[in-house]
Amino acid sequence: MASPGAAPLRDAVGGLDRDPFVALLAKLIGESRRLQNDPPAHVPQEDLVAQHVVDALLPVSTDTGGGPLVVRKVSYAEGRSNVIVEYPGTVPDRVVSFVGMHMDVVPANPDDWDFDPFTLTFDSEDKDKLCGRGTTDCLGHVALVSQLMRRLGEVKPALKHSVIAVFIANEENSLISGIGVDGLVKDGLLDKLKHGPLFWIDTADKQPCIGTGGAITWHLKAIGKLFHSGLAHKAINAMELNMEALKEIQTMFYNDFPAHEKEKVYKFATPSTIKPTKWSYPGGGLNQIPGECTISGDIRLTPFYSTTSVVRKLQEYVDDINEKLETKLQTRGPASKYVLPDENLRGRLEITIDRDVMSGVACNLESRGFQALCKATEEIVGHVEPYSITGSLPLIRELQDEGFDVQTAGYGLLKTYHAKNEYCLFSDMAQGFQVFVSIIAQLEAEV
């Protein structure tokens, strides 16, 4: 059954028109080679996309007099624009916003793909499948929300809520800050959005994503004593030291940060985890016991724990192990040692935490925005199954902490996220368009 007030608005706005959507998306994907975000090798020029968005909306904007849309580009670095678009409502402090459609992409190596990642392509026999870097993450959403705003500007429905879209720069990399949504928030340009639900459009699979994980990347270095492998009793094997230390650190972490009771409510597939993902050492021969090595990895933390607390605990774990090497860690065989008293030598550990610590998000399940998203999803998609993952989305926890009611959704495909041969389905994007219209209609019915 349609939401109250949904039918008139839906009839006026209609569905997602394939031809202008695909035409705009083709322009965006055509720029994607210059949108790759991996500095210093790749510094994206989001202004290329921003200009396409502005050009698509200008005919129904106040700048040309052709419509009511207020379109504004905001740049904090050369060539790296954000775009804020507003369809004004009639009631002050009534707002619904769609944010997070980012105009940068992750790198793609054409040699690894079955088609050109930097050109929008589709099979003539399967026009539903739209292929290219950014179709799912996140240029497809840029084109989708652009079409929503253009359609509102064309039909000019009488809305009490202002509908605001924010297309952002610099989502895919955190080495540079202050030039995307963080800059907009700092300058107060999004304060108006606090008066209503904010839908972050950058997830996938057409269902509400109600929880994400925090991310902490770490490097555990073990320093021992390099020596001949035939004289193991005179060495401190840094590899053995590091492996045993990591095992102890993992044990202490899982004791301090066990599965949280709210993880079931939010349907997290996994609890918080700490695990190694990379190993490095300076090199040497097979007959040399290494004197140092580094294990690197990450922590994925459900949003019910503090990243600050975890970072503090990691340092405490390392300090405790260093102090109690003889009793805290098991050795590996009769010649294995972490302390050489005759030489006054002790192995030791050092831990380094990368700067870009990211906190997870638990969306407000009592929010009117969440309720509207669920109802719209069930109405348009046919079922609603909110989910949570310990994958991480940058920036949205900061928005939540600033007082924004953040909900997240997306209409690409999770299986192609950051993957080679990325694609999305037009039919999924079309359903996303109808979900947005339903959300607006539901909120309108309540004023």
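Residues numbered from 1 in each chain as written. Predicted model: local features only at pLDDT ≥ 70, side-chain atom pairs only at ≥ 80, totals over all residues. Heavy atoms only, no water.

- The name given to the protein in an unreviewed UniProt entry is Acetylornithine deacetylase, and the organism recorded there is Zizania palustris.
- You can read under Pathway (unreviewed entry) in the UniProt record for the protein the words "Amino-acid biosynthesis; L-arginine biosynthesis; L-ornithine from N(2)-acetyl-L-ornithine (linear): step 1/1."
- Quoted verbatim from the Subunit (unreviewed entry) field of UniProt, the annotation for the protein is "Homodimer." (UniProt positions renumbered as here; feature names shortened; annotations may be inferred.)

A look at the overall build of the protein
Step number 1: If you tally the helices and strands in the protein, you get twelve helices and 20 strands.
Step number 2: Oriented by its inertia axes, the alpha-carbon framework of the protein measures out at about 85 × 45 × 40 Å.
Step number 3: Evaluated residue by residue, the protein yields a buried proportion of 53% over its 447 residues.
Step number 4: Expressed as a percentage of contacts within the protein between residues at least 6 apart in sequence, the contacts between residues at least 24 apart total 80%. (Helix = DSSP H or I, 4+ residues; strand = E, 2+ residues; numbered from the N terminus. Buried < 20%, exposed > 50% of the residue type's maximum accessible area, 1.4 Å probe, protein only. Contact = heavy atoms within 4.5 Å.)

A short note on unusual backbone geometry
Step number 1: The amide bond that connects Pro-39 to the next residue, Pro-40, takes the cis arrangement and shows omega of 5°.
Step number 2: Along the polypeptide, Pro-40 turns up in the loop between helix 2 (18-30) and helix 3 (47-57).
Step number 3: Going from Asp-137 to Cys-138, the amide bond is cis rather than trans, its omega being 5°.
Step number 4: Here Cys-138 is to be found in the loop between strand 5 (126-131) and helix 4 (139-155).

Overview of the pattern of salt bridges
Step number 1: The final tally for this structure, using the stated rule, is 23 salt bridges.
Step number 2: Between Asp-320 and Lys-328 there is a salt bridge whose closest N-O contact spans 2.9 Å.
Step number 3: Given the relative accessible area of 26%, Lys-328 is considered partly exposed.
Step number 4: For Asp-401, the salt bridge identified is with Arg-397, shortest N-O distance 3.2 Å. Residue Asp-401 and its partner Arg-397 are both found in helix 11 (residues 396-401); the two are separated by four residues, about one turn of the helix. (Salt bridge = Lys/Arg side-chain N within 4 Å of Asp/Glu carboxyl O.)

Side note on the sheet that holds strand 11 (residues 273-280)
Step number 1: What the four strands build is an open sheet, ordered 11-13-9-16; its pairing is antiparallel. Of all strands in the sheet, those bounded by a partner on one side alone are strand 11 and strand 16 (348-353). If you compare each strand with its neighbour and ignore which way they point, the axes differ by 25° on average.
Step number 2: Bridge count between strand 9 (residues 214-223) and strand 16: six bridges; the pairing is antiparallel. Looking at strand 16, one finds that Trp-218 is bridged to Ile-353.
Step number 3: The sheet contacts of helix 6 (residues 238-256) involve strand 9, strand 11, strand 13 (292-301) and strand 16, and relative to strand 11 the element is tilted by about 165°. (Pairing = 2+ DSSP bridges. Axes fitted to C-alpha atoms, helices over the stretch in contact; angles between N-to-C directions.)

Digging into helix 8 (residues 307-323)
Step number 1: Taking 1.5 Å as the rise per residue, helix 8 with 17 residues should run 24 Å; its terminal C-alpha atoms sit 25 Å apart, in good agreement.
Step number 2: Thr-307, Ser-309, Val-310, Leu-314, Tyr-317, Val-318, Asp-320, Ile-321 and Asn-322 are the residues of helix 8 that are buried.
Step number 3: With a side-chain oxygen lying 3.2 Å from the backbone nitrogen of Thr-308, the N-terminal cap of helix 8 falls on Ser-306. (Expected span 1.5 Å × (residues − 1). Polar contact = N/O pair within 3.5 Å; in protein donor to acceptor, adjacent residues only side chain to side chain.)

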